[in-house]
Amino acid sequence: MRDSGCFGRLDLSENPRYATNLDRVREHSVLRPIVAGFLGRHTLAELTGLFDRIGIPFAPVAKPGDLFDDLRVRGVVNWPRKAARH
C-alpha cells in the first residue's frame, strides 16, 4: 500500500499481507474499516487535496450524473454535453 503513510498507517505498507493488489482484495474485510475510518475523519476538501498531492485518481461522485460535471473526469474523458431537457 504505497500511500498508507499519508493515512498515518505506514504499518500497512510494510505488512506482507498487503503486498499486492490481489493480497489487498483478499484482505478487503480488514482494510475496508481502516480506510473508512480514515476517510470519515476528513472533509471532502481535505481528501481532494491529499489525493491530488499523492497522485491518487479521485472524483467525488454521489450520483451518476456527477460524472458529467467533475472536472477531473472531463479532463480525461470527452463526455458529450448534457442534452437539454424538454
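Residues numbered from 1 in each chain as written. Predicted model: local features only at pLDDT ≥ 70, side-chain atom pairs only at ≥ 80, totals over all residues. Heavy atoms only, no water.

**Quick notes on helix α4 (residues 44-54)**
- Those residues of α4 that fall on the buried side of the exposure criterion are Leu-47, Thr-48, Leu-50 and Phe-51. Along α4, the residues classed as buried sweep out an arc of 165° about the axis, all on the same side. In α4, those exposed residues whose orientation departs by more than 90 degrees from the buried face are Ala-45 and Arg-53.
- Backbone geometry just after α4 places Gly-55 at a positive phi near 80°. (Buried < 20%, exposed > 50% of the residue type's maximum accessible area, 1.4 Å probe, protein only. Helix = DSSP H or I, 4+ residues; strand = E, 2+ residues; numbered from the N terminus. Arc of directions from axis to C-beta.)

**Regarding the confidence of the model for the protein chain**
- Per-residue confidence for the protein chain gives a mean pLDDT of 79, with 72% of residues at or over 70.
- Taking the mean pLDDT of every element in the protein chain, the minimum, 63, falls on helix α6 (residues 71-76) and the maximum, 93, on helix α2 (residues 21-26). (pLDDT = per-residue confidence, 0-100.)

**So, the pattern of salt bridges**
- Applying the stated rule across the entire model yields three salt bridges.
- The salt bridge partner of Glu-27 is Arg-17, with a shortest N-O separation of 3.0 Å. Taken together, the positions of Glu-27 in the loop between α2 and α3 (28-40) and Arg-17 in the loop between α1 (10-14) and α2 put the pair 10 residues apart, joining distant regions of the chain.
- Taking the relative accessible area as the measure of exposure, Arg-17 reaches 42% and is therefore partly exposed. (Salt bridge = Lys/Arg side-chain N within 4 Å of Asp/Glu carboxyl O.)

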